[in-house]
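# Close look at the chain arrangement
This is what each chain is made of:
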Amino acid sequence: MKTNQLFFSFLIFTISFNSYLSSAAEAPPAVVDITGKKLRTGIDYYILPVVRGRGGGLTLDSTGNESCPLDAVVQEHHEIEDGLPLTFTPVNPKKGVIRESTDLNIKFSAASICVQTTLWKLDDFDETTGKYFITIGGNEGNPGRETISNWFKIEKFERDYKLVYCPTVCNFCKVICKDVGIFIQDGIRRLALSDVPFKVMFKKA
């Protein structure tokens, strides 16, 4: 009887351990910053360009002549400028590590002088430029059809990373899947969906 109990206990342990290894193996790789440390939920980071001499970090700007709304996500003109810090939040905010190719909310940590959220979202198609721009004003969390424009991904690109819009938070929604790149409009380096990805790295703020 004791032998049978020991065998049964060992069998349960083996199954549980194998399940743990299987789930661990299925988890995508963690995104790391410039020091090699894993990106974590709720920590402030700067998104910086890998290619030098083409602008700095990311910040907010107005698309019109008025000071508000500051709704355009843009790149700083000078590479010495880190821009504004941001946080990354996965679909399950209790997950502490940010992983490649998983849905994320991206949010500027700095408060805006305008009455608006600083969460990234994909704006409607701009007929003038033929572009989908990245703006702010999204709603955090609540993955699904109503928030489909608010989810982005970080994907490995060569030895670095790129930002991608290809949300998988809605199984029946038809979405665009495209890289996030830079579109220069009136001298402003705006983030928009593009065939040429914006190669980035991450620095802890």
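That block above? That's the structure.
In this report, the structure presented in the accompanying data block is examined. From a predicted model like this one, the values you see are computed outputs, not experimental measurements. (Residues numbered from 1 in each chain as written. Predicted model: local features only at pLDDT ≥ 70, side-chain atom pairs only at ≥ 80, totals over all residues. Heavy atoms only, no water.)

By the secondary structure assignment, Thr117 is in the loop between strand E5 (104-108) and strand E6 (120-126). Since its relative accessible area comes to 35%, Thr117 is described here as partly exposed. Taking the C-alpha atoms as reference points, Thr117 and Glu140, 23 residues apart in sequence, are found 9.1 Å from one another. Not counting residues within four places of it along the chain, the set of residues in contact with Thr117 comprises Ile136, Gly137 and Gly138. (Helix = DSSP H or I, 4+ residues; strand = E, 2+ residues; numbered from the N terminus. Buried < 20%, exposed > 50% of the residue type's maximum accessible area, 1.4 Å probe, protein only. Contact = heavy atoms within 4.5 Å.)

Here we come to the layout of surface pockets. Reported here for the largest pocket is a volume of approximately 300 Å³. Listing elements by their share of the lining of the largest pocket, those giving two or more residues are strand E10 (178-185) and strand E11 (188-194). In terms of residue count, E11 provides more of the lining of the largest pocket than any other element does, 4 residues in total. In the lining of the largest pocket, the residues fall into 10 nonpolar, 3 polar and 4 charged. (1 Å grid on protein atoms, 1.4 Å probe; cavity = no way out; pocket = protein on both sides within 12 Å on 5 of 7 lines; lining within 4 Å. Points joined across faces, edges and corners; volume = space filled by probe spheres on them. Nonpolar A, V, L, I, M, F, W, Y, C, P; charged D, E, K, R; others polar.)

Further remarks concern the state of the cysteines. In the structure shown here, the tally under the stated rule is 2 disulfides. Two residues, Cys166 and Cys177, share a disulfide whose sulfurs are 1.9 Å apart. Taking the torsion about the sulfur-sulfur bond, which here is approximately 60°, the covalent link between Cys166 and Cys177 counts as right-handed. A residue pair is termed long-range when its members are at least 10 positions apart, and Cys166 in the loop between strand E9 (160-165) and E10 and Cys177 in the loop between E9 and E10 qualify at 11 residues. The exposure class of Cys166 is buried, given its relative accessible area of 18%. Of the residues examined, Cys177 reaches a relative accessible area of 48% and is grouped as partly exposed. In this model Cys170 forms its disulfide with Cys173; the gap between the sulfur atoms is 2.0 Å. The sign of the S-S torsion, about 70°, decides the handedness of the disulfide formed by Cys170 and Cys173: right-handed. (Disulfide = S-S within 2.5 Å.)

Within the structure shown, the criterion is met by 7 salt bridges. Residue Asp82 is joined to Lys203 by a salt bridge in which the shortest nitrogen-to-oxygen separation is 2.8 Å. Linking Asp82 in the loop between strand E3 (72-75) and strand E4 (86-90) with Lys203 in strand E12 (residues 199-204), this pair joins segments that are 121 residues apart in sequence. (Salt bridge = Lys/Arg side-chain N within 4 Å of Asp/Glu carboxyl O.)

Regular strands place side chains that alternate from one sheet face to the opposite one. With 5 of 5 residues buried, E4 lies mostly within the body of the structure. Judged by which residues are buried, E4 turns out to be covered on both faces: Leu86, Phe88 and Pro90 on one side and Thr87 and Thr89 on the other are all buried. With 5 bridges connecting them, E4 and E5 associate as antiparallel partners. From the neighbouring strand, Leu86 faces E5, where its bridge partner is Phe108. (Pairing = 2+ DSSP bridges.)

Relative to the assigned elements, Phe125 resides in strand E6. Exposure remark for Phe125: the relative accessible area of 43% places this residue in the partly exposed category. The contacts of Phe125, once residues within four sequence positions are left out, are Gly130, Lys131 and Tyr132.

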